[in-house]
Structure formats: structure tokens, C-alpha cells
Amino acid sequence: MDSPLLLCCGELPGPDALGAGHSGSGPDSRPSPDQDERGQCQSEDPQEALTLTTGHLLVLTGQTAVALLAAQVRAPGRAPEVHEGPQGAPAPVHMQQPPQRQEANGAGVLEGREGRQGLTREDEAFLLMVALLPPAHSTPHMDMGLAARHSERCRARHPVGHRPGGPEALCTMLAPTNHNFHQPLWLSNRLSPREEQELELDFSDSGFLGDTEKCWSHNPHWEVHLVSKARAMLVTEQSLVLENIRIHLCDHSQLVVKHRVPDTGMDIQRLLELLKLDPQKAEDKAFLFQLYGIFLRECTDVDLVRRHLTCLLESSHQSCSQREGIALSVGLASTTHLEQVWALLEHMGRTRFLRWALPSPGSQLEDPDLHWKWVSSTSLLCYGQMATHAKERILPWVDNIISRMVYYFSCSHYVSPAGPPHEDKILESSFLSASILLTRVLRPKYGAQNYKFAQTPELIQCLLCILQKEPDFLVTLCRQKIILVIVGLSNLRPSLKPLVKSRILQTCLQSVYLLPPTEELKSKSPPMEPAPDVMALYGKTERALNLLLQNFFLENPSMDELCFLLQHMERWLRSDKSHERKRAVQSIFLLLQYVVDSLRLTEEATPSMLGHHIGLLTLLCRDRDKVTRSRSQQCVSLLLHLAVEQKGRALEFTPWNKARHFEVKASKEWGMRLCRMVKAFHRDLTVAQHTQLVLTLLHGLRSHSHLRCDLASRLLLMIFQDAGIKLEQVAEILHSLLQELPGIRFKSVQQTMMKATAVLGNQHTQEVVEVTLSLSHTLERKTLFLWQTLATNLRLARKVMTILYMKLKLRPPRELVQPTHQAQLVCLRALNTIYELLYTREYRATVRWAFAGLFMGLLTQLHYLLELGMEEGLSDYQEDILEDRPLGPCRTCLEALKGLFWTTDSWEVFAHVKLLDGWQHLECLDTYPEGVSLLARAVSHYDCEVKAILGQAIIFLKNNEERDNIVAILILTEFLNSPEVFQHVNRRNMVNFMNQNLKNPNQLVQAMSLQALSSILMHQKKVALLQSRLMELLDDFLQPEPKDPLGLMQILGDILHRLGDQSVGAASLKIAQHLPLFFEDVRAEVRGGAILLFGDVIHSGGKKFRQALKTSAFQALVPLLFHLADPCPAVVMKTKFTFLRCAILLKWEFQKELFSKLAWGRGLGAENDVFIYMVESNFGNYHQFLMQALTYLNSPHKNLKLAAMKFIGGMLQDYFTDLCFHLKKGDIRTLKKYLDTLRQDPDSTCRRFYLNFMGDIMELSQYVT
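Everything numeric in this text was worked out from a predicted model, so none of it was measured.

Draft legend 1. Spotlight on the overall build of the protein chain. If you tally the helices and strands in the protein chain, you get 61 helices and zero strands. Burial status across the protein chain gives 55% buried among its 1265 residues. Considering only contacts in the protein chain between residues 6 or more positions apart, those separated by 24 or more positions represent 76%. When the accessible surface of the protein chain is split by element, carbon and sulfur atoms take 52% of a total near 56,200 Å².

This is how it looks when you write it as C-alpha cells:
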């Protein structure tokens, strides 16, 4: 007979061939004469076959003779049927037809075999069981009804391309280890990135597949013989083999079982001998798992396979080799039992994994079962092996597999940061191994292009998590493998979304570029034996990254995709670390070289961001690193070539290694190279690209590298000088310029950029001003720096101010201005800018040049804003309080008008109007004419740009705008009271001009024109009449007690103002000498009127009486000083006005400072400062001031008396020595006399003053001669 046992006992390749890993060509591996090419027994003598079988049984068991006797009484049968191939040779395994399965009364019958004689099938099964059992005292439980349940063997045969375990598949899954880590010889630049990635992933050492890899790396051809033996077995026989292997594996795993086999090594060795395998492999756990998997694969009994797989998955998962072995067995079994394997893995995930990973809140496991600790790692490895062995059959399952892999990776608590690092590495290693194995199947040759895989982004995200946790040194190829897997996954359908690709690029670039410099890689790595070739590791990792970039581009070969990739390099090109910039530039160069050399882009596209990337690389053309400099220049050349190609121009491109534009030649100056670079940019780039280039160079000005900033500034200067900026570029460039100019760190760079900005302003002045105005609302402080830069050239500054003045006059009619859009008026932006420039040092000369126009423009602008009702924040403004809040439009205009005088050394005009409360008149339309007239009078009095303002007023009076006419006529009318006006304008022309304005539709213009025509300068005959009237009024005023002195003073003041300096000197002197008598009048109106008129009189006497008037002003200083403390506020304000006019007339030092104290000073500090300014400005006259002050000790006004005591006390304390030299004995007696009156004064302050200073007077009397 030909029992299946015969087939198992046929001659297989010897143990030496299996153990030593020969290729099968040696003498020991040749088949015997009694064998066919498959190693099956071809003996024609049944008895010989029976004897051989019996002998092997004796060898296997050594049991009783019952087994031998039972075997020998079996009737002989014929040899198994073999399908013949060509020329009578046995057909290959894959050509044999699978047996047909039948079932009859629970007993199996094998088709193609004759019935066995003498023994029932149960007897044969029992006999084989006895032969394979271990010693009888510890036989584990076996299912003896298995043979009865399955009647026939059913072999699943597959084509060679699908056949698991074939040599090609094995080489793909488990590549030979390459300990040198050098690039394989078969790599070539002619390969596409996709092909190179597949080869790298297939034949480089993965380092993650463990001992299972060794089983497939020697002589895989022996599997053919083993498979033929397994397929020839009955299900019962296969069950016994599987059970024996399982028991041995359980013993290896030290798992505590119910029936422990103390010594099973001999039995497994006998089984291996029976199968013609190397008995020494009994201790090779990985080999046994492989053997286990092959038998599971070839077993046709689904229940048997499920039971053994369940036992396998229920075994320990603690050791790495155990997990890898389980995965290998499961993977082999999935070749023919994919659904069953999947169901068991699903069940294990829902039960074992969840119970371990997600324990109930109330459970407390003091000694947790480590049996299931790494079950998630085993599951991951199983999925990878399933993909490896199932090949294209796994493709419909890929999304499900990936979802489970991601689930295990994400949910396992060993992934959490709180877990120990080694536990993280176990899961990460298993996940990466599974991903590698899965990716090897997802290729076009297996038909992956016919499927869509929706779960690949999630798998990639998990891989990126692993990549992010890689240390900052290199000892393995983990980085390379992750990147290569991602490359493979990115080739699948559907294509990755840009967000996913962006995340991939960011993570991969960071993982590689953040590694230490190449010269430090070895020293940074931990000590290992044997030490890895760190440089080779880095080379492979860098090559994988370059493959990723090239593969992404190959998926979408377009300029937009290239810009997308370059965009992710920007961070590294801007890095402060040299090695990071070098790596980024090197990657870009290889990518661009690949794009230019390997592809020809047919799609015409000119993405603007290409200019941005060219700018970034251009900034590295002066990098400190030589390689970075060279590569960046070559990258710029390549990008320009692509830009020209995309513009559709025919161009004979010079290869990058011989590029003429940017090659560094020692014989050429750097400036000439920059010039050629600028011309190339202007010629080859579109306007949008050129704009992005300029914006990038501008952003480079804020770099910490002086070389980079200097290069950017010089390039920008040359671009601007080359007239390379078009009108449509100005707005965007200026916006960036405003952002970058204030942040420049280096003075030389700042100076270069100021020149560049001036050049741009000269070329496009109108556009520059308009754009800057449009941005001034949001970037107010930054625009100021740009305005300052434009003022480096006086001519340009004047052009800028002229444009601002013209913008100030763009005032839409009131009915067209909506309240919600008032703030967007161009005139308001121009107003705000002018206000800022008034206080900008660089514009001082320009403001003086444009004084008259600005004066008239601001006055008319204020009137326009008052017409619009934009008085918000106008009345509650306080000049002496600094507030960090924006000013309203009217307040801004009024403050700009004040600043126009304050910043141009015409502060006297500002002070004149300020101390008369004239600025407040300009805050309301009703009092606006009075305020303008007062301002014009002050301008005329101090001769502040009278000629220029007069010319502007005449022009404004000719305009059609009513507000312009009003302002002009008010100013001209006031100017006509000054004799100097006709030095600048013809009298006759002025008369004709005023007559024309009598027809003006505005009544105020008519009235003021008529008043101007009635001026004494227009009618000289009025001079004599007014002079005679003045003398009459003067006689009345000089009376001891004139009637209505206040009225007389007002009339006298008006006549003096109209006459000016025409023959009123003597009268002015008399009035000035008489007015101090009214300073002490009990009536506040009279005191105030006298003090105010005194200030006008001392400035109206002409040159002839100037000295006499100065004497009068000097004599009035002490009274005026004391009246600064007058109880009437109106008198105090008029006193400040007159006191300042006296100081101006007497030409004191610190006049401007004195005004500041008078206008805004408060408290004792301000009083002391005014005291010092007066006394120090009159050196040698201290004693006169002291003697004048004595008379006020008897003043009925308490404030004046107190002021006198303060003054006298200050003089005695601070100027005691000077008084000793200038006072006389008579002065001392007078001093004692006035001081004694305070001795009996009812006021305690006066008595205290006497007691404090009487001693000083007595001491003073001792030194006075």
C-alpha cells in the first residue's frame, strides 16, 4: 500500500542541506535514484515500501510490537497518482489538480487512492498517532474524532506568482542584512524615485524583522518538498504534526499548561528527521514557527486551523522572538485561510487587547498579567505578515488592516508619554515592521493602482509620530525606513491632500535637518558594539528624504508643486545654523537638478512664489559655508531656467554647472556679479515673480546675519536704481518696506536702504506718497520711518510735501461726505501725516520752505472740518497733559497749526495767540474770524513769512471755494495795517483787488474787503486825522482821575494799532509811563486793560523811542511779576502776555522757556523759575528790583503782598552778596522801615516773615557802606 506516511517518509534534502544553508547544488542535495524531482518515493515494491514505513515507525516510537504487527498485516497498495508533465516528467506542484472533497457517513475517502485492506481508517489514524506521540505518561489532550469529521484532503493550489514562500517573495520580504549600510550597486540615477524607493525598501536591511528573517535567507527551495509532504497527509496526520509543534513551542515559551511535557526535544527531532529536515533545528524557535505556519497554510480543515491559531494567539506575547514567530505563522496561515485569520485577530483585539489596555475604573491589578502586555505588538506584526503572504489578495482588506494598525498604535497605553521608553520602542518597532511589509505589497505589480485606500493618511500620521520621537543621533535606519514607507504610501490612490503632504514634509525635514552637523554625528551617537557606519546611515537617510521630495514632485510635475515643496524649505533656508542651511540647499539642488534633467514641463505656469524662493536662495549666495554658497547659486540658476521655460521663451540654457550668471570667478568683482544677477531677475521673471523676489529681499533685511542683510540691501539698491520697479509693484513693495525698515539691526544696511528708498521715491514719488498715505492709518509709527527716509534728499522731501499739500486740498463737498466714511478722507490722512512731519527733524527745512502753503492749507482745512461738524475731542483737550489717545480731526488740525509756528522758530506767534486765548477762538465757526485775525496780527507783528503768506492769501482769495476766500480776506485785512505790506505788493493792484471782492457772494468777504479799503495805508489822509484824535484822547487819559479809563484805553489801543509806527512814538512813551499807575487799581477790568495796553504800547514807538520804552518796560517788571498772583484770573492772563512781551523787548535769555512756564507752569516750581529767569536776565539790577518790591509790602491785595514777601526773601537769600555791593545806607534804612511795618501786622505770615529776615537785613547793614 502507499500510506500517506510513505509520502512523509520519502527522501527529502538532507539535514546538512537544511542546516548549512546550501543552495541545493551540492552532492548531498542530489535526489536518489528512487526519487523523482519532487523527492517522492517511486519504489514499485509495496513490501519494500511497507518495510520502510515500519522501520520509521520503530524509529519514531520504540513502542510495543502491536504497531509493527498492525502495519505489516496491511494489504499493499499502489503508489500515489502523479500527474505527468511534458515527456512523462512529474508535473510541477502548481499544475496538479486539487483533490475533490467528498463526505460519506462521517468517514473520509481520498480520491485517487484505493481503499486500504485489513485495517480500517480509524486503525490507520491510531497507528500514526501512536507513532507521533511523545512518551505515554504525559500525552496531552487530542481530538480523536478529527479524522471522522473530515473525509478528504483539499489542497488549495495557487499560481507561482501568488505562491507564498516563493524565492522572489521571500527576497522581497526578508532581505539579506547589509551591515556596511552602503548604497547598493544597483541604485542608479536613471531610476525613477518610485523605483528607487521600492528597491531601497526591498533590499536594504530593515532591522525590524528579527529572527524570522533568517529562516528565509538561505535555501527557500526546500519548502517545495515540505509542502508536497504536507499536502499528501491526511487531516489527522496534519493535526498530529501541528499538535507536536505546538507543544514544543509552548515548552519554549515557558507557558504553564495543564499537562506539561517534561522532555519533548527528542520527539520534535524525530519529527524533523521524519520530514527529512535538520534535527538540530528543533531548538530554532523561528524555524519551528515557520514550520508551524506552513502546515497551517496547507491544512484544509478550517476548524483545525482555527483551533491551532487560537492556541497560538493565546500563547505568551512577552518575548520579541515569540511575537515575531506568532506573526510569521499567522501570516503563512493567512495565505489560504485569510478570513479565519482576520476573524481571530478581530476577536483578540476586542477581548484581550481591550481588557488589558482599558481596565475598568474599579479594577486594581496588583500583579497584572504580562501574558497580554504586548498583544498589540503581535497583532501589528500579524497584519504585516498577512500582507506579505497574501499578496494581491490582501488589497481589498488594506483599509481595514490600516484602521486596526492605527487603532492599536493610538489606543495602546504604551504609546503614551507616561509609558517607559522601551515599551514605546516595542510598539513602534512592530508598527514600523508591519508598515514596511504592507507597503511592499501596495505596488502596481500587485494591482494596487486599481484600488483606492482611504486610510493611508492615518497610517502616515502614526509613522510621523514615530519619526518625531527619534533621537538626535543616528544608529539605525529607522528614519530612512519611515520616509521610504511614506514614499510608497504616497503613490497610492487617492492622492494625499496638501495638508497631509505639508505635515509629512515638515516632520521629515525636521527629523533629518535637526540632526547634529555631519562632523559631530559620530561623537553624538552612543557607544555601540559593533559601531555603525554613521556617515553611511546619514547618507541613506538623506537619500530617502530626497526621494520623498522627488516623488512628491513626480506625482504632480508642475511649477506649482515645485513651489509647494520649496515652501517647506523656507524655514531651513532662514535658519541661523550653518549645517541646516547647507542641508536644505543641498536637497533643493538635487530636486531642481532632477526636475531640469529628467523632466520637461509642458504646462505653462508662472507662479509668483517662484520669485520668493529665488530670493531666499539668493540671500545665501554670500553664506559663510562654501558649499552653501555654491549650491545656492546653482539653485538660482536652475530656477531662472525653469522660469524662462515656463514663460514660453526659447532659450538655449547653459547647464547649471557652467552657468554664467552666478558662477563665482576670482577675476570678476562682486559688484559686477550682483549687477548681472539683477539684470537676470528683471529679464527672466514676470512682474509678480519679481515682486515676490523684492519682498523676500526686504524680509531678509531683518536677518541676524550681517552678510545676508548687506547682500539684500545692495541688491535692493541696484534693483531700484535699475528702474526695475513698475507702478503696479509699488504698493506691495512699500507695504513690506514699512514693515522691515524699523527692524534693521545694522547701521550700514540702514544707510543703504535709505538710499534705496530715496531712489524709489524719486522714481515714483506720487505713487509712494499715495500708498504710504493709504497705509498710514494702520501703520502710523512705521510709516513715519519711511517719511524720514524720503527726507534724506531735500529735493525729494519738497516733492513729498507738495503732494501732501495737494492731498490736503482734496475736500469733497459736505453733502457728499457720509459720517461713517469721514475717517477715510484723503485730506485727513494727509493732515495726520503733515502733523507728524512737523515734529520730524528731517523735515524742518522743508516745513520752512512750505510754511505759507501749510499755514493757509491748515487754516482752510480747520474751517472745512468745522463745517463737517467734526469737533469731537476739540474742547476737552489739555495741552499740559500728555494722553495716549488719538486726536480728533479738528484737534489734529489745530495742533498742527500751532506746531507749524512752534517748530519753525516762530514760537513768539504761537505764544502771542496762546496768552490771549486766541487759539480757542479757532475752535468754533462763530469765533473763527476773530481767531484768524488775531493770528494774522501776530504773524504781521513778528514778521513771520509775511511776504509768502501774502502771496498765498491773494491766490486763495481768487479761488472759488468760499472757505478759502474767508481765510484770505481776514489775513489780508490784518496785514494792511502794517506799512511793510506794500513792500511786497503794489498799492494800486491791492485796491483794485479789494474792489473786485466787494462783489463776492459771501457777506463776510464783502465786509472785510470794505474794511481793508478803509485802511489808513489805502488813504494816507486818515493818518493826520487819527494822530490829532490820539492827542486829544491822550490829554484826557493823562488826567489824574480820567473818566472811563477802560474805554479810553481801548480806543487808544485801537488807534495805535491802526497807525502802527507812523509818528506815534512820543504818544506811546507817555502812555507807557502813565499806564503803571492803573496797575494797582481796585477795579480788575482797569488793571487788566492797563496791563494789556502796556504790552502793545512798548512795541509801537518805533526805533526812535525804543530805548525809552525799554526803560519803562524794565520799571514795570516787578509790578507785572507780582500781578502774576493777582486774584483775578483775567488779569493774570493779561499780565503773562505783557510780561512775556517785556522779556522779548528786553531780549532776555530763555524767552521760550519763560513762555513755557507762564503758559503751563504750576506751583512753587514755576514761580521760582520765572523769578530766576527775570533776575538772571537783569544782572546788576538786583537792588532796583528789591527796592521796587518794598512798596508792595503795604498793598491792600493779600496776594500781591505775599508775592512781594516771597520775592524779597528770595533776593535776600540768593543774591545777598550782590546786594551788599549795590545797596546804600539809605536803601537799608528804607528796607528796615518797610519791614518794621510787618512787625505789628495782624497777619501771622507777615510777622513770621519779619522774624525770619530781619536778621538778614541787620547783617546786610553791616556790609553796606
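What follows picks up the thread again.
Draft legend 2. Broad picture of the packing of helix α19 (residues 456-468) against helix α20 (residues 478-490). α20 packs onto α19 with a crossing angle of 165° between their chain directions and a minimal axis gap of 10 Å. The angle between α19 and α20 places the two elements in the roughly antiparallel class. For the pair α19 and α20, the crossing hand works out as left-handed. Contacts from T456, L459, I460, L463, L464, I466 and L467 in α19 reach R479, I482, V485, I486 and L489 in α20.

Draft legend 3. Quick look at the nonpolar core. Among the nonpolar cores identified, the biggest contains 360 residues, and F855, F901 and I971 are the most heavily contacted of them. In terms of residue count, the dominant contributor to this core is helix α39 (residues 851-868) (twelve residues).

Draft legend 4. View of the packing of aromatic side chains. For the coordinates displayed, the defined rule picks out 32 aromatic pairs. Plain terms: the ring middles of F1249 and F1253 are 4.8 Å apart, the flat faces sit at 40° to each other, and that makes the pair tilted. You can see F1249 and its partner F1253 sitting in helix α61 (residues 1244-1263), four residues apart, about one turn around the helix. Over the ring of F982 we find R987; its NZ or CZ atom is 4.3 Å from the centre of that ring.

Draft legend 5. Seen up close, the packing of helix α51 (residues 1084-1097) against helix α54 (residues 1129-1145). Across the interface, α51 lies against α54 with an axial gap of 8 Å and an inter-helix angle of 20°. Put simply, α51 runs roughly parallel to α54. Crossing of α51 against α54: the hand is left-handed. Touching A1084, R1087, G1088, G1089, I1091, L1092, F1094, G1095 and D1096 of α51 are V1131, K1134, T1135, F1137, T1138, R1141 and C1142, all from α54.

Draft legend 6. Geometry of unusual backbone geometry. The linkage connecting R493 with the following residue, P494, adopts the cis geometry, with an omega of -10°. Mapped onto the elements of the fold, P494 is located in the loop between α20 and α21 (498-513). Of note in the backbone geometry, K391 takes a positive phi value of approximately 55° without being a glycine. In this structure K391 comes out as buried when scored by relative accessible area, which is 7%.

Draft legend 7. A look at the side chain of S329. Within the secondary structure, S329 sits in helix α14 (residues 320-333). For S329, the side chain forms a polar contact with the main-chain oxygen of F289, separated by 2.6 Å. Excluding residues within four positions of it along the chain, S329 makes contact with F289, Y292, G293 and L312.

Draft legend 8. Main features of the side chain of S435. Along the chain, the position of S435 falls in helix α18 (residues 421-441). With a relative accessible area of 0%, S435 lands in the buried category. Residue contacts for S435: discarding those within four places in its chain leaves M405, L459, L463 and V485.

Draft legend 9. Structural detail: helix α44 (residues 946-958). Taking 1.5 Å of rise per residue, 13 residues should cover 18 Å, and α44 covers 19 Å from first to last C-alpha, within 8% of that figure. Among the residues making up α44, those that are buried are V946, I949, L950, A953, I954, F956 and L957. Within α44, the buried residues cover an arc of 165° as seen down the axis, which keeps them to one side. The exposed residues of α44 that point more than 90 degrees off its buried face are K947 and K958. Taken together, the buried residues of α44 touch α36 (794-808), α39, α43 (928-941), α45 (962-975) and α46 (987-997).

Cut-offs used in this document
Residues numbered from 1 in each chain as written. Predicted model: local features only at pLDDT ≥ 70, side-chain atom pairs only at ≥ 80, totals over all residues. Heavy atoms only, no water. Helix = DSSP H or I, 4+ residues; strand = E, 2+ residues; numbered from the N terminus. Buried < 20%, exposed > 50% of the residue type's maximum accessible area, 1.4 Å probe, protein only. Contact = heavy atoms within 4.5 Å. Areas by Shrake-Rupley, 256 points an atom, 1.4 Å probe, with all protein chains shown as cover. Axes fitted to C-alpha atoms, helices over the stretch in contact; angles between N-to-C directions. Parallel < 35°, antiparallel > 145°, perpendicular 65-115°, else oblique. Left-handed = near helix turned anticlockwise from the far one by under 90°. Core = buried A, V, L, I, M, F, W, Y, C linked by side-chain atoms within 4.5 Å. Phe/Tyr/Trp six-rings, centres within 6.5 Å; stacked < 30°, edge-to-face > 60°. Lys NZ or Arg CZ within 6 Å of the ring centre and 35° of its normal. Polar contact = N/O pair within 3.5 Å; in protein donor to acceptor, adjacent residues only side chain to side chain. Expected span 1.5 Å × (residues − 1). Arc of directions from axis to C-beta.

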